Amino acid sequence: MRDRMMPRIAALLVVAWGVAIVALTAGSSSIVLRDAAAATQGALERGAKVTFERVLPADRPPQVQSQRSRLLSLAVERGEVPSPFLELGYFRATYRAIVTLPSRDRYRFRIAGRGKVKLTINGKEVLAGALRERQPLETKKKVRLKKGGNDLELEFESSAFGDGQFRLYWAPPECGFEPIAPELLSWAADDAELVAGERRQLGQELFLARRCARCHGFEQAKLADGAFGELAGAGPDLRGVGARLKRDWLAAWLQDPTAFRHDATMPGLGFTAQDAADAATFLAGLGEPAARDLPADGVAAGRDRFLQLGCVACHVPPDRDRKERVLGDRLALHHVPQKWHAAALVDYLRDPQRFYPHVRMPDFRLTEEDAVNLAAYLLNGKFASEPVPLAAAAGDAARGQQIVADRHCASCHEVAVSVADRIVRSLRELRPDRGCLADAAEARGDAPDHRLSAEQRAALREFLPFAEQAPFRKAPLDYAERQLTAQRCTACHGLDDRPSVWATVANELALDDPLPPEQDPVAQGIPSLTWVGSKLQPSWMSAFVQGQKPSPRPWLTARMPAFEHRGAAITSGLVREHGYGSKDEPLQPANAQMAIHGNTLLQQGTGFGCVQCHALGDKPAEQVFEREGIELHLARQRLRHEYYIRWLLDPPRIDPEARMPKYANSKGKTAFVEILGGDAEQQFEAIWQSLGGRK
């Protein structure tokens, strides 16, 4: 979550201090905005500005929310909202962006989807009208764009029921239609509407992550009714915690969670050393640790698996300096021997959600052998620096039980204690200058200390008027944006032109010793998330992310974890971000003649030789170059037709790390001129048809 907080806090400071820095953050260069159409002078930050507006009757004020958007596309289905800060129903979305180009040239534009749109570039209307399924709007003439910043505005209107979608494409010179790359889009960092909207988003993020509704209830709604299950999120089950965690560590954690995890959401509850010792003694007595011997030879094997599975992307290995967490804001594991009983750690690695369904640690579906070896490495391996010794926490268990009750630990945890009565204000009655949100410690009283900065407290205060409605509105795009950060998806996957944390860390590790391919995510070919919502069929992606389908890349040592509880909603948001609804593309029968051409083009000697690197059904790849490709029938089942064509026309344009060669020249022709006249798009369509066709 901190990855998203820091840019927002910085933006707030830009506005507060009136900083007038002129820079372009969407690349390595900087420019000065001289164009009046750019609207606001100041630093540019990556992403378009989108303003969602729910137009209401005259006797009610309109609902407006501004925020950043990676892409110029959107989909909202019935029962959903584009932002949780808007009610259900008809809405207008206005996107504004500076599109920065290295040279002047002419482009074509196309908009597909459902709804009404108007596209304006540099003050001139380019496209406008109603969108219908399979009837996109397209410019009749090429539009001249200038070198440097071009001001783009796109206004989209939903149906009266609040559903609709749009996808904006352009066709650069000698290219087909494609989305505008996120790294080309930017907008002013000090835009007041944008900063206010992002502050509201940050407030919601904090409200959910800190589980504010666990103590401050709603007037009528229930936690279980919240969208995507976020409100119902609870802490770990403590009823058998003594079988898992060690007493001295529990005492130290209760006094200061951030000493072990810098992004801990557990608040400070005012434990003295004796209070913590007593509470830890009580908790450590809840369950009996199981005996478990870990093999000495498991340490080396565990270290290898730690690197191969990508654990290094989220965690600093214990045999490295814990200060390395700055590479991706990772979590150090040097305290693990102080925390875990051996048998419990093995069980946790195999099933992280067993006692903590809302844990951020995903399920890697480890084998028993892998879990044992990883536990051996984490508990008995060589440590770069020993953890700070913990004080012995022998205490009074009976008093500790009362302390756990008095601190209301049962508000967030399952624990067998009687809950003491206390007066807690409902959300509607909260005073934003007192309790958790108080600026001064004396005004906080006995409320938990969430260690909030002044900017975070301001964000929560901004969100409070929306707290009784926003968490119950279904906004997949908003949810996915939060979860990509919370679940650290970019730890393993690159996004836009930014490498993954794992790739960055691997590059650093390789400076000491060259890494074998199975420990290098780039060599393995871990896919990027940049276009994933427009790349994969929604049903396949959802099932895969939830852990219901095997990997299409079984040769990888890296492993996609299962996100059983969050996966469906995350993938739904990714699909909406790219302008698509929840349904897969409909199946249509293949054209027999095209399928014959396609089969010829698949083969070595008569076509592109796809079967060299890709298996075809039960026939394995014939001669893999560098790394294997996905089985071709499975690739067809997974991919959207539009993405498939765009990919084959120019793989390196979509993914610079792609090993797939480009077969089409700048005029859309291939070397096989005797088949379909050498027309690349027709030939790729023929291959699609031969594999079963979905269009």
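Structural notes, computed from the coordinates. Since this is a predicted model, take the numbers as computed values, not measurements.

Quick look at the pairing of strand 2 (residues 48-54) now. In terms of burial, strand 2 is largely enclosed, as six of its seven residues are buried. Relative to strand 3 (residues 63-69), strand 2 runs antiparallel, the two sharing seven bridges. By the bridge assignment, A48 is partnered in strand 3 with S69. The sheet contact formed by strand 2 and strand 5 (residues 92-101) spans five bridges and is antiparallel. What sits directly across from F52, in strand 5, is A93.

Structurally, A371 can be placed in helix 8 (residues 368-380). Residue contacts for A371: discarding those within four places in its chain leaves V346, L349, R350 and L366.

Following both chains from N to C, one finds helix 4 (residues 273-284) and helix 9 (residues 397-406) inclined at 100°, their axes separated by 7 Å at the closest point. The orientation of helix 4 with respect to helix 9, classified from their angle, is roughly perpendicular. Contacts from Q274, D275, D278, A279, T281, F282 and L283 in helix 4 reach A397, R399, G400, Q401, I403 and V404 in helix 9.

Let's shift gears to the packing of aromatic side chains. Under the counting rule described, the total for this entry stands at 21 aromatic pairs. Summarising the aromatic geometry, the rings of F85 and F466 are spaced 5.2 Å apart at their centres and angled 85° between planes, so their arrangement reads as edge-to-face. Here F466 lies in the loop between helix 11 (454-463) and helix 12 (476-486) and F85 lies in the loop between strand 4 (73-76) and strand 5, a separation of 381 residues in the sequence. Given a relative accessible area of 3%, F85 falls into the buried group. Classification of F466 by relative accessible area gives partly exposed; the value is 23%. With centroids separated by 5.5 Å and ring planes inclined at 55°, the aromatic side chains of W249 and F260 adopt a geometry described as tilted. Of the two residues, W249 sits in helix 3 (residues 247-255) while F260 sits in the loop between helix 3 and helix 4, which places them eleven residues apart along the sequence. Since its relative accessible area comes to 4%, W249 is described here as buried. Positioned above the aromatic ring of F85, the side-chain terminus of R200 is 5.7 Å from the ring centre.

Among the structural elements, H315 can be located in strand 13 (residues 315-316). In this structure the side chain of H315 is engaged in a polar contact, spanning 3.5 Å, whose partner is the backbone oxygen of L331.

Bringing helix 20 (residues 641-649) into the picture now. For helix 20, the buried fraction is high: seven of the nine residues fall into the buried class. Among all positions in helix 20, only H641, Y643, Y644, I645, R646, W647 and L648 are buried. Packed against the buried residues of helix 20 are helix 15 (532-535), helix 21 (651-654) and helix 22 (680-690).

Before going further, it helps to examine the packing of helix 18 (residues 592-602) against helix 22. As a packed pair, helix 18 and helix 22 sit with axes 7 Å apart at the nearest point and diverge in direction by 100°. Relative to helix 22, the element helix 18 is oriented roughly perpendicular. Contacts between helix 18 and helix 22 involve M594, A595, H597, G598, N599, L601 and L602 from the former and Q682, Q683, E685, A686, I687, Q689 and S690 from the latter. Taken together, the residues of the contact of helix 18 with helix 22 sort by class into six nonpolar, seven polar and one charged.

In this section: unusual backbone geometry. Backbone geometry places H408, a non-glycine residue, at a positive phi of 60°. For H408, the location among the structural elements is in the loop between helix 9 and helix 10 (441-444). Taking relative accessible area as the criterion, H408 reaches 10% and is therefore assigned buried. Despite not being glycine, L676 shows a phi value in the positive range, around 55°. In this fold, L676 is placed in the loop between helix 21 and helix 22.

So, on to the nonpolar core. One recurring pattern in soluble globular proteins: nonpolar side chains tend to sit buried together. Judged by nonpolar contacts, the single largest core of 62 residues is most densely connected at L283, L294, F306, L345, V404 and V415. For this core, the elements supplying multiple residues, two or more each, are helix 3, helix 4, helix 5 (298-308), helix 7 (342-350), helix 8, helix 9 and helix 13 (501-509). Looking at this core element by element, the count peaks at eight residues for helix 8. Setting aside residues no more than four positions away along its own chain, V404 makes contact with A279, F282, L283, C409, V415 and V417. Of all hydrophobic cores here, the second largest spans 52 residues; its members include V50, F85, A213 and A470.

Turning our eyes to something else, we now look at the environment of G226. Considering the arrangement of structural elements, one finds G226 in the loop between helix 2 (192-209) and helix 3. G226 gets classed as buried once you look at its relative accessible area, which sits at 10%. Once residues lying within four places of it in the same chain are set aside, the contact partners of G226 are L231, P471 and F472.

With that settled, the discussion passes to a positive patch on the surface. Where like charges cluster on the molecular surface, the positive patch consists of R104, R106, K142 and R144. Relative to the elements of secondary structure, R104 occurs in the loop between strand 5 and strand 6 (105-121). For R104, a relative accessible area of 55% puts it in the exposed group.

Parameters and conventions
- Residues numbered from 1 in each chain as written.
- Predicted model: local features only at pLDDT ≥ 70, side-chain atom pairs only at ≥ 80, totals over all residues.
- Heavy atoms only, no water.
- Buried < 20%, exposed > 50% of the residue type's maximum accessible area, 1.4 Å probe, protein only.
- Helix = DSSP H or I, 4+ residues; strand = E, 2+ residues; numbered from the N terminus.
- Pairing = 2+ DSSP bridges.
- Contact = heavy atoms within 4.5 Å.
- Axes fitted to C-alpha atoms, helices over the stretch in contact; angles between N-to-C directions.
- Parallel < 35°, antiparallel > 145°, perpendicular 65-115°, else oblique.
- Phe/Tyr/Trp six-rings, centres within 6.5 Å; stacked < 30°, edge-to-face > 60°.
- Lys NZ or Arg CZ within 6 Å of the ring centre and 35° of its normal.
- Polar contact = N/O pair within 3.5 Å; in protein donor to acceptor, adjacent residues only side chain to side chain.
- Nonpolar A, V, L, I, M, F, W, Y, C, P; charged D, E, K, R; others polar.
- Core = buried A, V, L, I, M, F, W, Y, C linked by side-chain atoms within 4.5 Å.
- Patch = residues over 30% accessible without salt bridge, like charges linked within 9 Å, V, L, I, M, F, W, Y side chains within 5 Å.
- Areas by Shrake-Rupley, 256 points an atom, 1.4 Å probe, with all protein chains shown as cover.
- Salt bridge = Lys/Arg side-chain N within 4 Å of Asp/Glu carboxyl O.
- Lys, Arg positive; Asp, Glu negative; His and termini not counted.
- Charge placed at Lys NZ, Arg CZ, Asp CG, Glu CD.

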